[in-house]
Amino acid sequence: MVLLIYLKETKLYLLKSLPAPVVRFAQMVHVKLQVTLMQHHASSFAIPQPAFGRPYDFRTTEADNLWKFMGSGGLPGGMFDRVGYPDKVFKNPADWDKVLQERLALPAEFSITADFEYDSASNTFTLRANVLALADISTDAINLTAYLVEDSIIAPQLDNNVNVTDYVHNHVFRTSFAGTTGEQISSGSFTKNQVLVKSYTLAANPVWNVKNCSAVVFVRNTVTQEVLEAHHASFH
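Undergrad: Sorry, what's going on with the sheet that holds strand E7 (residues 124-133) here?
TA: Two strands in a sheet stick together by hydrogen bonds in their backbones, pointing the same way (parallel) or opposite ways (antiparallel). Read from one edge of the open sheet, three strands run E6-E7-E17, paired in antiparallel fashion. The outermost strands of the open sheet, each flanked by one partner alone, are strand E6 (110-119) and strand E17 (195-203). The mean inter-strand angle of the sheet, taken between neighbouring strand axes irrespective of direction, is 15°. Two strands pair when backbone bridges link them, and E7 and E17 are joined in this way by nine bridges, in the antiparallel orientation. Paired with Asn130 across the strands is Val197, a residue of E17.

Written out as structure tokens, the structure is:
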């Protein structure tokens, strides 16, 4: 399992293959710091185990590709804004608080807002993302990435060696709107108050409960992989 934590207004955190108690801690941080979590199920740790009462398969090709792209680090591991890519991305759990405070202290370079809707007639999600530059910026190429996530999925989960049959899985990665790496929105130059707008559509999979779906949007430096801003969009 891969758990991504996106802070509204600047930060992204990636915590990889965490046990349920750590997930609960992350959810507590989510409440206190207004962060958005995203869980990517990938690697051999996500293989269903029907013989042990855990038959649900959360895996996707995109999630597995992302896990490999980010280096398949040790389990558990934490990645904060993808800083340190490619060989110093994953931080020891003992350092998470320190790294968190360091990242929170940085000023935001971008602000993201987004409108997220679902049309039942066409069974289609629509996402419109607005990226605002908060200063004059000269950097590497910038990509915008958008993922669909789903909450409130009831499925078994191993928790401290106890199989919880009615575990509630939230922030589960389902798919991307334009690939796991997104698409380039700028070669790297922005002027203060410049706004870039991107719109996407996505057909809903019948397996998903559309009422529990939302979108995560972020911008990142394509060379360093650092996430510069993130936003969580729900239905109006």
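Undergrad: Before we go on, may I ask you to explain the environment of Glu226 in this structure?
TA: Counting through the fold element by element, Glu226 comes out in the loop between strand E18 (213-221) and strand E19 (227-233). Note on Glu226: relative accessible area 24%, which makes it partly exposed. Note: C-alpha distance between Glu226 and Phe80 (146 residues apart in sequence) is 8.8 Å. Contacts of Glu226, omitting those with residues within four sequence positions, involve Asp81, Arg82, Val83, Arg103, Val219, Arg220 and Asn221.

Undergrad: Looking at this structure, how should I read the nonpolar core?
TA: A general tendency of soluble globular proteins is for nonpolar side chains to be buried together. Residues Phe125, Leu127, Phe177 and Val219 are the most contacted members of the largest nonpolar core, which totals 29 residues. At the level of elements, E6, E7, strand E9 (142-150), E17, E18 and E19 are the ones that each hand at least two residues to this core. In terms of residue count, the dominant contributor to this core is E7 (five residues). If sequence neighbours within four positions are ignored, Leu127 has contacts with Ala114, Asp115, Phe116, Ala146, Phe177, Lys198, Ser199, Tyr200, Ala215, Val217 and Ala233.

Undergrad: I keep staring at the pairing of E9 and nothing clicks. Help me out?
TA: The two faces of a sheet get side chains in turn, since along a regular strand they alternate between them. Here E9 lies mainly inside the structure; nine of its nine residues are buried. Of the two faces of E9, both are covered, the one formed by Ile142, Leu144, Ala146, Leu148 and Glu150 as well as the one formed by Asn143, Thr145, Tyr147 and Val149. The pairing of E9 with strand E15 (residues 183-186) spans three bridges and is classified as antiparallel. By the bridge assignment, Asn143 is partnered in E15 with Gln184. The sheet contact formed by E9 and strand E14 (residues 172-176) spans four bridges and is antiparallel.

Undergrad: What is the right way to look at helix H3 (residues 96-104) in this model?
TA: Given 3.6 residues per helical turn, the α-helix brings residues three or four places apart onto the same face. When we look at burial in H3, the residues that qualify are Trp96, Val99, Leu100 and Arg103. Angularly, the buried residues of H3 cover 105° about the axis, an arc narrow enough to put them on a single face. Facing away from the buried surface of H3 by more than 90 degrees, the exposed residues are Asp97, Lys98 and Gln101.

Undergrad: What am I meant to see in the packing of aromatic side chains here?
TA: Each aromatic ring pair is summarised here by two numbers: the centre-to-centre distance and the angle between the ring planes. Per the counting criterion, the structure on display carries ten aromatic pairs. Where Phe125 meets Phe235, the ring centres are 6.3 Å apart and the plane angle is 15°; that geometry is what we call stacked. Note that Phe125 is positioned in strand E7 and Phe235 in the segment after E19, a separation of 110 residues in sequence. Classification of Phe125 by relative accessible area gives buried; the value is 0%. Owing to a relative accessible area of 30%, Phe235 belongs among the partly exposed residues under this scheme.

What counts and how
- Residues numbered from 1 in each chain as written.
- Predicted model: local features only at pLDDT ≥ 70, side-chain atom pairs only at ≥ 80, totals over all residues.
- Heavy atoms only, no water.
- Pairing = 2+ DSSP bridges.
- Helix = DSSP H or I, 4+ residues; strand = E, 2+ residues; numbered from the N terminus.
- Axes fitted to C-alpha atoms, helices over the stretch in contact; angles between N-to-C directions.
- Buried < 20%, exposed > 50% of the residue type's maximum accessible area, 1.4 Å probe, protein only.
- Contact = heavy atoms within 4.5 Å.
- Core = buried A, V, L, I, M, F, W, Y, C linked by side-chain atoms within 4.5 Å.
- Arc of directions from axis to C-beta.
- Phe/Tyr/Trp six-rings, centres within 6.5 Å; stacked < 30°, edge-to-face > 60°.

Limitation: the analysis is restricted to geometry and does not speak to function.
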